[in-house]
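Close look at the chain arrangement
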Amino acid sequence: MVLMNLLKDNFGRKFPYIRLSISDVCNFKCGYCLPNGYQKNKGDNRKFLSLDEIERLAKGLSELGVSKIRLTGGEPTIRKDFFEILKILKKKSGIKKTVVTTNGYKLDQIAEKLVESEIDGINISIDSLNKEAFKKITGHDRLLEILKGIEELQKLNFKNIKINAVLLNGINANEKSFNEWANFIKSNEITLRYIELMQTGDSIDYFKKYHISSKVFTNYLNENNWIFQTHGKDSGPSKNYINPNYKGKFGLIAPYSKDFCKSCNRLRITARGDLRLCLFGNTGINIRHLIQRDDQLEELKDLILKQLKFKKESHYLELGETGLTDNLSQTGG
Ligand code: SAM
Ligand code: SF4
């Protein structure tokens, strides 16, 4: 049965894709996200969504035409029941594609189990291939283990691997770093995507110090014969570039670019069951009370459909708007 995508907003955008945070907790201290590490929110003692809640939620979403769920966080692989969550999504939810975003801290240990779980893709965050720079950004000296984890995945013939790096002025936004990644993807069938640093409520000073326009990277791509790969209407905000001499691709996610929000195809759900219509912005409601029993499915779907009408046209990031988002560990980036 082909499910219609019922999730459409007032601007004609469709939402086949959900980013589901399963935990706010993270063991890294990325300067742009959790510079002081994870701090428990003392004003909110709600637990993270349970397995039963996730199963009901995913079923409801799949009936609304959602075909892809990305598990994110915080660090999603920190959850003890992470593989049980994957199993539910893959086997019991009706969702066609399950993908994961991770800092990869134990990728070398879990690569085999990940492949066995039949996930459809993985995004790994590596801001620099330089050990020292990596440590400076994340607060952890784990670059080599993460790279080993990627090798393990490749040995197991796992294909859909992407690496995300946040573009940081004075750290990795230079020709040397771009060339290091180019060498890496020359023989590796991996997409390396730079993300332009975004300002969040917690990172105003960090943003002032390290933000740089993504043009620095597009200039590099143009000067080095990378060709923009046109993509479909619903394929999301990453612009990809190919080069016949390279097995991998480069990509760029430039949230401050004009028309960025026109290709928005995703909604977000936090680890405590708040629906967020945008990574930024002030709109979000709790939907958790409607995933407590199986007979609430219709009510859940109805509420999500109604909420979508409140989705705004843009994130208004360029106006310094950060909305409810203190840092991206809450909404999964
Ligand atoms: N812990 C996992 C990880 O780091 O991949 C998943 C959650 S993390 C919030 C998801 C993505 O958001 C990462 O690729 C991270 O680099 C990115 N991110 C976090 N804060 C950001 C910011 N202020 N600007 C741009 N990207 C950011
Ligand atoms: Fe943790 Fe990911 Fe945030 Fe880094 S970006 S602190 S790994 S949640």
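This write-up is about the structure you can find in this document. (Residues numbered from 1 in each chain as written. Chains lettered and ligands numbered in written order. Predicted model: local features only at pLDDT ≥ 70, side-chain atom pairs only at ≥ 80, totals over all residues. Heavy atoms only, no water.)

Examining the environment of I18
Considering the arrangement of structural elements, one finds I18 in strand β1 (residues 17-21). As for I18 and K96, which are separated by 78 residues in sequence, their C-alpha atoms are 12 Å apart. Ignoring anything within four residues of it in the chain, the contact list for I18 reads L61, V66, K68, I69, R70, L267 and I269. (Helix = DSSP H or I, 4+ residues; strand = E, 2+ residues; numbered from the N terminus. Contact = heavy atoms within 4.5 Å.)

Notes on the packing of aromatic side chains
Within the structure shown, the criterion is met by 16 aromatic pairs. Considering the side-chain rings of F82 and F83, the 5.1 Å spacing of their centres and the 75° angle between planes classify their relative orientation as edge-to-face. The exposure class of F82 is buried, given its relative accessible area of 1%. Taken together, a centroid distance of 4.8 Å and an interplanar angle of 65° make the contact between W226 and F250 edge-to-face. With W226 in the loop between α8 (215-223) and β7 (227-229) and F250 in strand β9 (residues 249-253), the pair connects residues that are 24 residues apart, well separated along the chain. F250 shares its class with W226; the two are buried. Of the aromatic side chains, those joined through ring pairs into one cluster are F178, Y194, F217, Y220, W226, Y246 and F250. K68 extends its terminal NZ or CZ atom over the ring of Y17, reaching a point 4.4 Å from the ring centre. The ring centre of Y246 lies 4.6 Å from the NZ or CZ of K186, which sits over that ring. (Phe/Tyr/Trp six-rings, centres within 6.5 Å; stacked < 30°, edge-to-face > 60°. Buried < 20%, exposed > 50% of the residue type's maximum accessible area, 1.4 Å probe, protein only. Lys NZ or Arg CZ within 6 Å of the ring centre and 35° of its normal.)

A look at helix α4 (residues 131-138)
Along α4, the residues that are buried comprise A133, F134, I137 and T138. All buried residues of α4 fall inside an arc of 110° around its axis, so they share one side. Among the exposed residues of α4, those pointing more than 90 degrees away from its buried face are E132 and K136. Buried residues along α4 sit in contact with β4 (121-125) and α5 (143-155). The backbone nitrogen of E132 has a side-chain oxygen 2.9 Å away, supplied by the residue at the start of α4, namely N130. G139 sits one or two residues past α4 and shows a positive phi near 80°. (Arc of directions from axis to C-beta. Polar contact = N/O pair within 3.5 Å; in protein donor to acceptor, adjacent residues only side chain to side chain.)

Quick word on the layout of surface pockets
What the second largest pocket holds in volume is close to 480 Å³. Contributing to the lining of the second largest pocket are 22 residues, with D24, N41, D326, N327 and Q330 lying nearest its centre. Residues belonging to the lining of the second largest pocket are distributed by class as follows: six nonpolar, eight polar and eight charged. (1 Å grid on protein atoms, 1.4 Å probe; cavity = no way out; pocket = protein on both sides within 12 Å on 5 of 7 lines; lining within 4 Å. Points joined across faces, edges and corners; volume = space filled by probe spheres on them. Nonpolar A, V, L, I, M, F, W, Y, C, P; charged D, E, K, R; others polar.)

Side note on the site of ligand 1
As a matter of local geometry, ligand 1 sits amid 19 residues, with G74, E75, T101, S125 and M198 nearest to it. One of the backbone N or O atoms of G74 is found 2.9 Å from a nitrogen atom in ligand 1. Within the contact set of ligand 1, an oxygen atom lies 3.3 Å away from a backbone nitrogen or oxygen of T102. Computed on the free molecule, ligand 1 has an accessible area of 550 Å², of which 95% lies beneath the protein chains in the complex. Elements supplying a minimum of two residues to the shell around ligand 1: β3 (97-102), β5 (161-167) and β6 (191-196). For the shell around ligand 1, the class distribution of residues is seven nonpolar, 10 polar and two charged. (Near = heavy atom within 4 Å. Areas by Shrake-Rupley, 256 points an atom, 1.4 Å probe, with all protein chains shown as cover.)

Let's talk about the side chain of S128
Topologically, S128 is positioned in the loop between β4 and α4. A residue is classified by how much of its surface remains accessible, and S128, at 4% relative accessible area, is buried. Within polar-contact distance, the side chain of S128 engages the backbone nitrogen of N130 at 2.9 Å. Every residue in contact with S128, bar those within four places of it in the chain, is listed here: A133, F134, L143 and W181.

Remember, this is a structural readout, not a statement about activity or role.
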